[in-house]
Amino acid sequence: MSEAVMVSTKVNGDVVEFACPTDEVLLDSLRDRVGVTGVKEGCGTGDCGACSITLDGQLVCACLVLGVEAGGREIGTVEGLVEDGQLHPLQEKFIEHAALQCGICTPGFLVAAKALLDNNPKPSETEIRYALAGNLCRCTGYDKIVRAVQAAAKDMRKSSSRSKKR
Amino acid sequence: MQVSLNGALRSGAGGAASIEIEAATIRELLTKVVERYPDMSEYLDRGIAVAIDGVVFRDDWNQSIPQGAEVFLMPRIEGG
Amino acid sequence: MAHDNSYTGQKFEVVGNRFIRPDGVDKVTGKARYGADASAPGQLVGLVLRSPHAHATIKKIDASKAEKLPGVKAIITAEDLPDLTGGDRGMADILENCMARGRALYDGHAVAAVAAVDAQTARQALKLIKVSYKKLPHVTDVDKAMKPNAPVIHDWIITGGVDPKPAKPSNIANRTQMGHGDVETGFAEADVIIERSYKTEQTHQGYIEPHACLASVNPDGTAELWVTTQGPFTYRTVCATLLGLDIAKLKVTSSEIGGGFGGKTHVWTEPVALALSRKANRPVKLVMTRDEVFRASGPTASTSIDIKIGATKKGVITAATLELRYQGGAFPGIWAMLACMTGFACYDIKNQRSVGWDVIVNRPKVAAYRAPSAPMAAYAVESTMDIVAQEIGMDAVDFRLKNVAKEGAQAPYGPLYGPIGIEAALKAVKKHPQMRAKLKKNQGRGIACGFWFNIGGQTCVDLNVGTDGTVSLAVGTVDVGGARSSLGMIAAEELGISYDEVKVHVADTASLGHNDTTEGSRGTFSSGMAAIFAARDAIEVLKGRAAKMLDVPVDAIVWENGQAKAVGKQHGNLPKLSLKEIAAKSPNTGGPIAGHNEVVADGAGMGFACHICDVEVDPETGLTKILRYTVVQDAGKAIHPDYVEGQFQGAAAQGIGWALNEEYVYGDDGRLQNPGFLDYRIPVCSDLPFIDTKILEIPNPNHPYGIRGVGETSIVPPLGAIGNAIADATGVRMNHVPMSPIRVLEALDQAATLEDQVSAG
């Protein structure tokens, strides 16, 4: 069995340290050692996107990254979306548009949708669908998820143009 | 009153498609059915439902059976 | 207090609006806790060792090396799970499915389990357990399993429902026959008779959250189980029985559930986790991996179906028969029998017969999947209805309307229908704008109908009015898709208060009386009914308190718009008392105010739907793209339209995946070849368009608000709708689901070859 290695990383802006074996995936390190259980395991093989996180701003599946690879990097999870006690527009719109039923895929979708909108503030319906094609949802048929992302994108464009005007 | 049997239950009554029983409640009906046709108890154990005038009752054995109602015995279904 | 469950036809203030669900924030922030999100001090990690063979005798299990591995705290086999079922065949099958007893019956069947201090140690321990198997002949196909020379899986199975009883055992567990009228006479009256055969492959509910539980058994026989489940009370009964625990001493708490669809109505690893915890004397957390979920939980049946429909030139169906062969996995099931009950349900066919064969194969034990058994039968019926319509030159919708089941028609399972919504759904489809959308080359349109029962069941609910006037509603039906909001709305409606003042939560087995599992589309219907009656109970208490506060007799008080009002000339000038005001004074008027209801919510209605599907088929690749999709379904009364639409869309999406891509692929070795989301391909976001929905409201006469269950029905039409659309687009009739690109290409090639032969000859 492999020996434990010390990992120092940042999760949602907070410095975090943990020790893990070299063959442990970041998904397990985050859930079991750092206590970030918003990152979910749906398949463990990178096919469902329930464990979507950002690693230095890039969207990845935490089950396809080793815990030891997180050293010195910045991890973003669903827990980091709330700012100053306010829900992110994506979170608000997901609730408003009933874009979740059981909710297990929701954290992954929110991280993936945010990664999309951070890069492309005005995505078309097709662009949204393809950007989210790596996240599986079994409950909703994706209809209300896409509508929620469209609504959040519109909202975010409005408030960014307002803040630009100031 | 005539009580019709869903195909899946007929072997419990010797193949009959319907039987004659007098009963005022579902409980009375099922008790008498088993008395008259002991083989039916196997089907009761597996799960049975009673349709009274088209409304399916799965659990409430106190349910009364109005005079002249159409009564059907059928297997108790579940869902997913 | 007796309550009347008849439909009242009242006008609604709260119900019918689109409020925010109470558990939304927790779910979008990652706070909500699912099956794998709980931990206990000192917990161990549980893992299961599974058979790599489809059928094998287990000669010996040697766990001695594994036991010596540091960090391993318990290892169990069937010996640690003695048969305490007392001759209950159903329970004995569940026990054997949870842990093999001397024989592995399918690839993935559990043979041993380990609890260790961490996952690494547990995995290492599994590798050290040596199992000697003797392979046995296996069979995984339903038709092959019925052949006389098939390897017989259980030598005690003598086919039921057959007269005379067979002399030898076989894999055919049961034969069921249902129907009415005289099909021979009926066929003799037909101008056109169409006979076809269809096959559908096995699919899985595909919930994104794997089975997970945290089990803790104490030496004094008390135990706790935190588990993702649709039915904590059912799990409690089954686990207690299998482990010999006192039901009342086992507390089961359902976590938030990450999808169920019927697959979490039965236990899989939970008794194993409890047995490990009992042996190790520590809590054990057992989470299934994705490939375990596919190999060893409860997928739906694979089927082989023959159908015959006869009709007059004018479009009246004179006779119809179905023969349905369904495999239930390695244990006897009732799946073909269920199919008999639903096959012809949308139509009024005076002479009909459905025969179902329940067959055993070396595959996992089949469990319910959203409207179990109905989608496959509907595929055969709806595809063939189109063929008949085409043969007599009638429009697909008109042909169905001509034969549609209405109130008073006889259902396939026997009784006459009450008021039902299938005619309205077909008429709505006929008028729907999608029917007039222009179709281009390689594009086609199909429609199909579907039916599923709704059930009611044992339900109870506690409603407590806090001294600040807010209301807490404890329900026992697990919330699988947002019903919490609907139940809160119902309570607010009854009490006459605002939705924000009601908070709903799902109680555990220790806090509430028995509640049946959330299945059969019963959650909102039954807990809604109980919530109405519990609120009415609370109102009686509130009126009594108001009477005391106003010093008038209680029968002078009425409850209106959330307030108690004294009526009558002599009391007319007394102030009205709001719920808040009464609650604030409750410590002095008699203590806590509550309403309670236990009900057997019987009289659930039927769910009918009709779908429209437009597709484009790529002739080079066989890929079918869904261009437009509409669901029309009767909800009785849509309490929260967003969540009703969500059920329509989600069910349709599952049906689309089933129709086009999803299947269990078994190799010649009897092993499941694709136990993962890469090769078991469920629909992704880019596969689907927006799914249009139309909610019909034909009130259920046996529910005060007219509610019908909606969750399941819309998984039934897609297979037929898509088959019909592909036929419209290509001229080719598919008879094998999933209608994947490979199969479509093959069918297109065959049709082209036939055409060449015909034109050449």
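Everything quoted here is computed from the prediction, not taken from an experiment.

What counts and what doesn't
Sequence order as written defines the numbering, with residues in each chain counted from 1. Each chain takes a letter, starting from A, and each ligand takes a number, starting from 1, following the order in which they are written. The predicted origin of the model limits local features to residues at a pLDDT of at least 70 and limits the giving and counting of side-chain atom pairs to 80 or more, whereas totals for whole chains, interfaces and linings rest on all residues. By definition, any uninterrupted DSSP run of H or I lasting at least four residues is a helix, any uninterrupted run of E lasting at least two residues is a strand, and each is numbered from the N terminus. Only C-alpha atoms enter the radius of gyration, while the globule expectation follows 2.2 Å times N to the 0.38, with N the number of residues. Any residue surrounded by 20 or more other C-beta atoms within 10 Å of its C-beta is treated as buried, while 12 or fewer makes it exposed and the intermediate range makes it partly exposed; C-beta atoms here are placed from the backbone. By definition, residue pairs are in contact when their C-beta atoms, positioned from the backbone, come within 7 Å. Three classes are used, and their members are as follows: Ala, Val, Leu, Ile, Met, Phe, Trp, Tyr, Cys and Pro are nonpolar, Asp, Glu, Lys and Arg are charged, and the others, Gly among them, are polar. Being paired, for any two strands, means DSSP has found at least two bridges between them. Axis lines are fitted to C-alpha atoms, over the contacting stretch for helices. Their N-to-C directions set the angle, which ranges from 0 to 180 degrees. For this classification, under 35 degrees means roughly parallel, over 145 means roughly antiparallel, 65 to 115 means roughly perpendicular, and everything else is oblique. What fixes the domain bounds is an automatic or database domain assignment. Per residue, pLDDT captures the predictor's confidence, and it can take any value from 0 to 100. Helix crossings fall into two classes, left-handed where the near helix is turned counterclockwise from the far one by less than a right angle and right-handed where it is turned clockwise.

A. A look at the overall build of chain A. A tally of regular secondary structure across chain A gives five helices and five strands. Shown N-terminal to C-terminal, the secondary structure of chain A runs as helices and strands in the order β-β-α-β-β-β-α-α-α-α. Against the 2.2 N^0.38 benchmark of 15 Å for 166 residues, chain A shows a C-alpha radius of gyration of 16 Å, consistent with a compact globule. Overall size of chain A, expressed as C-alpha extent along the three principal axes, is 50 × 40 × 25 Å. Here chain A, with 166 residues, has 57% of them falling under the buried criterion. Once local pairs closer than 6 in sequence are excluded, the contacts in chain A between residues at least 24 apart make up 58%.

B. Expanded view of the overall build of chain B. Along chain B, the regular secondary structure elements total two helices and five strands. When the helices and strands of chain B are placed in sequence order, the string is β-β-α-α-β-β-β. Against the compact-globule benchmark of 12 Å for 80 residues, chain B has a radius of gyration of 11 Å, which places it among compact chains. Seen through its C-alpha atoms, chain B measures out along the principal axes to roughly 35 × 25 × 20 Å. The 80 residues of chain B split such that 44% are buried.

C. Representation of the interface of chain B and chain C. Of the residues lining the interface, 21 residues belong to chain B; the matching set on chain C comes to 34 residues. Every element with two or more residues in the side of chain B that touches chain C is listed here: β4 (55–57) and β5 (71–75) of chain B. Here the side of chain B that touches chain C gets three residues from one element, more than from any other, and that element is β5 of chain B. Of the residues belonging to the side of chain B that touches chain C, the class tally is eight nonpolar, eight polar and five charged.

D. Region of the structure containing the pairing of strand β24 (residues 606–617) of chain C. Residues and elements named next belong to chain C. Within β24, 11 of the 12 residues are buried, leaving the element largely enclosed by the surrounding structure. Bridge count for strand β16 (residues 443–453) against β24 is 11 bridges, and the pairing is antiparallel. Counted as the bridge partner of Ile447 is Ile612 from β24. If you look at the hairpin formed by β24 and strand β25 (residues 624–634), you'll find six residues sitting between the two strands, and Gly622 has a positive phi there, around 75°.

E. Local environment of the packing of helix α3 (residues 89–98) of chain C against helix α7 (residues 232–243) of chain C. Residue and element names in this part refer to chain C. The interhelical angle for the contact between α3 and α7, taken along N-to-C directions, is 80°, at an axis separation of 11 Å. One way to sum up the angle between α3 and α7 is to call them roughly perpendicular. The residues of α7 that touch α3, namely those facing Met91, Ile94 and Leu95, are Val238, Thr241 and Leu242. Counted by class, the contact of α3 with α7 contains five nonpolar, one polar and no charged residues.

F. View of the sheet that holds strand β5 (residues 110–116) of chain C. All names here are of chain C. If you walk across this open sheet you meet the seven strands as β3-β5-β1-β12-β9-β10-β11, and the pairing is mixed. The open sheet has two edge strands, β3 (72–76) and β11 (250–254), and neither has a second partner. Looking at each pair of strands side by side, their axes are set apart by 20° on average, direction ignored. With four bridges connecting them, β3 and β5 associate as antiparallel partners. Looking across to β5, one finds that Ile76 is bridged to Ala113.

G. Representation of the interface of chain C and chain A within the structure. Contact with chain C, which involves 43 residues of that partner, is made by 44 residues of chain A. Looking at the side of chain C that touches chain A, the elements with two or more residues in it are α1 (24–29), α4 (119–128) and α18 (641–660) of chain C. Ranked by residue count, the leading element in the side of chain C that touches chain A is α18 of chain C, at seven residues. Among the residues forming the side of chain C that touches chain A, the class breakdown is 21 nonpolar, 16 polar and six charged.

H. Broad picture of the pairing of strand β14 (residues 317–327) of chain C. Residues and elements named next belong to chain C. Summarising burial for β14: 10 of the 11 residues are buried, a large majority. Of the pairings in the sheet, the one linking strand β13 (residues 303–311) to β14 comprises nine bridges and is antiparallel in character. Across the sheet, the residue bridging to Asp306 is Glu323, located in β14. Linking β13 back to β14 in an antiparallel pair, the connection comprises five residues, with Gly315 at a positive phi of about 100°. For β14 and strand β15 (residues 352–359), the ladder comprises eight bridges, and the chain directions are parallel.

I. Layout of the domain arrangement of chain A. Residue and element names in this part refer to chain A. Under the domain assignment used here, chain A contains domain 1 (4–78) and domain 2 (89–160). Centre-to-centre, using C-alpha coordinates, domain 1 lies 22 Å away from domain 2. Taken together, the contacts link 15 residues of domain 1 with 11 residues of domain 2. Among the elements that make up the side of domain 1 that touches domain 2, the one with the highest residue count is strand β3 (residues 52–55) (three residues). Across the side of domain 1 that touches domain 2, the residue classes tally to seven nonpolar, seven polar and one charged.

J. Spotlight on the sheet that holds strand β21 (residues 563–566) of chain C. All names here are of chain C. With respect to topology, three strands assemble into an open sheet ordered β20-β21-β22, the strand pairing being antiparallel. In the strand order of this sheet, the two ends are held by β20 (557–560) and β22 (577–578), each with one partner. Pairing of β21 with β22 involves two bridges; the strand directions are antiparallel. Note on β22: the bridge partner recorded for Gln563 is Ser578.

K. Highlighting the environment of Ile194 of chain C. Residues and elements named next belong to chain C. Checked against the element boundaries, Ile194 lands in strand β8 (residues 192–200). Ile194 sits in the buried class, given 21 other C-beta atoms within 10 Å. Sequence separation of Ile194 and His432 is 238 residues, and the distance between their C-alpha atoms is 29 Å. Aside from chain neighbours lying at most four places away, what touches Ile194 is Ile309, Thr384, Ile387, Val388 and Glu391.

L. The arrangement of helix α2 (residues 89–96) of chain A in detail. Residue and element names in this part refer to chain A. Buried residues dominate α2, accounting for six of its eight residues. For α2, the set of buried residues is Pro89, Leu90, Gln91, Lys93, Phe94 and Ile95. Directly beyond the C-terminal end of α2, a positive phi value near 55° is found at Ala98.

M. Spatial organisation of the confidence of the model for chain B. When the pLDDT values of chain B are averaged, the result is 89; 100% of them are 70 or greater. Scored by ipTM, the complex comes to 0.97, with pTM at 0.95.

N. Molecular detail of the environment of Leu136 of chain C. Residue and element names in this part refer to chain C. Mapped onto the secondary structure, Leu136 falls in the loop between β6 (130–135) and α5 (142–146). Judged by local crowding, Leu136 falls into the partly exposed class, with 16 C-beta atoms found within 10 Å. Considered as a pair, Leu136 and Ala56 are 80 residues apart in the sequence and their alpha carbons are 4.9 Å apart. Beyond its immediate stretch of four places on either side in the chain, Leu136 contacts His55, Ala56 and Thr57.

O. Region of the structure containing the packing of α18 of chain C against helix α19 (residues 718–730) of chain C. Residues and elements named next belong to chain C. Close contact between α18 and α19 brings their axes to 8 Å; oriented N to C, the two are set at 55°. In terms of orientation, α18 and α19 fall into the oblique class. Here α18 runs over α19; the crossing is right-handed. For the pair α18 and α19, the contacting residues are Ala652, Gly655, Ile656, Trp658, Ala659 and Leu660 in the first and Pro718, Leu719 and Ile722 in the second. A per-class count over the contact of α18 with α19 returns eight nonpolar, one polar and no charged.

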